Amino acid sequence: MTDALRYAYAVVRDTGAPEAALDALTALEGVTGVADEPVYAVRHLGLAVLAGAVPAEDYDEGPLRKRLEDMAWLERMARAHQRVVDTAGAEVCVIPVRLATVCLGDEGLRRMLATGRERFTSALDRLEGRVEWGVKAYATQPAAEEPPAGAANAADAPGTPSAPNSPGAMSGRDYLRRRKAQRQAAERRWGDTEEGARLVHDTLSGLAEQSRLHPPQDPRLSGISERNVLNAAYLVRREHSADFAERVGGLAGRTPALRVELTGPWAPYSFTAMDETSDAEGAGGAGGAGGAGGAEGKTEGAGADG
């Protein structure tokens with residue numbers, strides 16, 4: 001191929017098989033990348049990077065930086081990136097490359113592999129046969145209590161005596177007592193919720209080889225109004241995935257104050273820590289396009305990132 005721009009998705013081991021027989025590429029047959037391009041492999045030093053040719057008008061340094069400010073475009077790119085990574089990851093161990101890593105030609109991809117060879121190899125050794133599961137827990141909202149007759153009037157003027165003959169009327173003092181009891185009940189509920197989240201995380205951490213706690217989701221971005229009290233990722237051996245999912249299902253019913261959500265299995269996005277390598281080569285290969293947006297490679301609602 002020519003020295004056009006190349007978008008990097010993930011790194012896998014080079015098994016020495018012909019390219020047509022590489023498990024990752026076999027899985028990706030018919031799957032296109034961020035620019036609707038076919039995905040191919042560039043091999044070097046026992047590794048292979050999954051990549052695709054992308055147009056300079058979108059992915060050269062200047063255009064890419066502007067594109068990354070367009071949230072709709074960024075979301076489409078992130079979902080395509082994740083589609084490639086997770087499809088390949090269903091067959092082999094993959095190390096996801098940071099979102100928006102662009103190199104100059106196949107030679108730029110080889111430099112990326114050479115620069116990060118030790119770290120890529122170490123990560124592949126550590127993550128072989130393992131997948132990531134994402135677990136989120138949300139505080140369920142209690143049913144709204146209907147105020148008794150007369151409460152609305154008391155709220156408007158809590159110090160005003162109620163009409164002596166009005167049925168169900170509430171005095172200002174009674175109203176304040178009721179509000180205090182409601183606040184205390186809410187505080188107990190939040191306490192139960194947070195204790196439940198700790199129980200979920202401690203239990204699942206005991207089943208996983210590693211775990212990562214991510215910041216709570218912003219409801220403005222997730223579109224979920226419930227309070228996010230747990231946003232975690234767990235590294236689990238592939239053969240133990242069914243047991244892990246079953247345990248999450250059991251925990252989901254133990255705490256009524258929580259709604260527990262399981263996603264995965266995914267490629268081990270939260271356990272690779274390969275951003276430094278991606279950044280170095282992205283900047284050298286495509287004038288700083290690589291990783292310019294700082295966005296995570298896993299899209300919201302599809303995986304554990306949060």
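As shown above, the structure is provided for reference.
Scope of this entry: the structure provided in the associated data block. The structure displayed is predicted, hence computed values, not measured ones. (Residues numbered from 1 in each chain as written. Predicted model: local features only at pLDDT ≥ 70, side-chain atom pairs only at ≥ 80, totals over all residues. Heavy atoms only, no water.)

Following Gly264, the chain continues into Pro265 via a peptide bond in cis, with omega recorded as 0°. You can see Pro265 is positioned in strand β9 (residues 258–266). Here the phi dihedral of Asp36 falls at roughly 60°; this positive angle occurs in a residue that is not glycine. One can find Asp36 in the loop between α1 (23–27) and β2 (40–44). Backbone geometry at Ala100 places phi at a positive 70°, although glycine is not the residue there. Looking at the secondary structure, you find Ala100 in the loop between β4 (95–96) and β5 (102–104). (Helix = DSSP H or I, 4+ residues; strand = E, 2+ residues; numbered from the N terminus.)

What the rule picks out here adds up to five aromatic pairs. Taking 6.0 Å as the distance between ring centres and 85° as the angle between the ring planes, the aromatic pair formed by Tyr7 and Tyr59 counts as edge-to-face. Residue Tyr7 is found in strand β1 (residues 5–13), and its partner Tyr59 is found in helix α2 (residues 56–59); the two are separated by 52 residues along the sequence. Considering the side-chain rings of Tyr234 and Phe244, the 5.6 Å spacing of their centres and the 50° angle between planes classify their relative orientation as tilted. You can see Tyr234 sitting in strand β8 (residues 227–237) and its partner Phe244 sitting in helix α10 (residues 241–252), a full 10 residues away along the chain. Side by side, Tyr234 and Phe244 carry an identical accessibility label, which is buried. Members of the aromatic cluster, joined through ring pairs, are Tyr7, Tyr9, Tyr59 and Trp73. (Phe/Tyr/Trp six-rings, centres within 6.5 Å; stacked < 30°, edge-to-face > 60°. Buried < 20%, exposed > 50% of the residue type's maximum accessible area, 1.4 Å probe, protein only.)

Take α10 next. An ideal rise of 1.5 Å per residue puts 16 Å on 12 residues; α10 measures up with 17 Å between its terminal C-alpha atoms. Regarding α10, the residues found buried are Ser241, Phe244, Val248 and Leu251. Buried positions in α10, seen along its axis, are confined to an arc of 85° and lie on one side of it. Among the exposed residues of α10, those oriented more than 90 degrees off its buried face are Ala242, Asp243 and Glu246. (Expected span 1.5 Å × (residues − 1). Arc of directions from axis to C-beta.)

Our next topic: the pattern of salt bridges. As enumerated under the stated definition, the model contains 15 salt bridges in all. Put simply, Arg13 and Asp125 hold a salt bridge, and the shortest N to O gap is 2.6 Å. One end of the pair, Arg13, is in strand β1; the other, Asp125, is in helix α6 (residues 117–127), with 112 residues separating them in the sequence. Judged by relative accessible area, which is 30%, Arg13 ranks as partly exposed. One salt bridge connects Glu107 with Arg110, and the closest N-O pair in it is separated by 3.4 Å. Note that Glu107 and Arg110 are positioned in helix α5 (residues 105–115) at a spacing of three residues, about one turn of the helix. Residue class for Glu107 comes out partly exposed when judged on its relative accessible area of 41%. One connected set of salt bridges, linked through shared partners, spans Arg130, Glu209, Arg237 and Glu239. (Salt bridge = Lys/Arg side-chain N within 4 Å of Asp/Glu carboxyl O.)

Turning our attention to the sheet that holds β9. If you trace the four strands from one edge of the open sheet to the other, you get β7-β8-β6-β9, paired in antiparallel fashion. Edge strands, defined here as strands with exactly one partner in the open sheet, are β7 (210–213) and β9. Along the sheet, successive strands turn relative to each other by an average axial angle of 20°, direction set aside. Pairing of strand β6 (residues 130–139) with β8 involves 10 bridges; the strand directions are antiparallel. Each bridged residue has a counterpart across the sheet, and for Tyr138 the counterpart in β8 is Asn228. In the packing of α10 onto the sheet, the strands contacted are β6, β8 and β9, and the crossing angle to β9 comes to about 170°. (Pairing = 2+ DSSP bridges. Axes fitted to C-alpha atoms, helices over the stretch in contact; angles between N-to-C directions. Contact = heavy atoms within 4.5 Å.)

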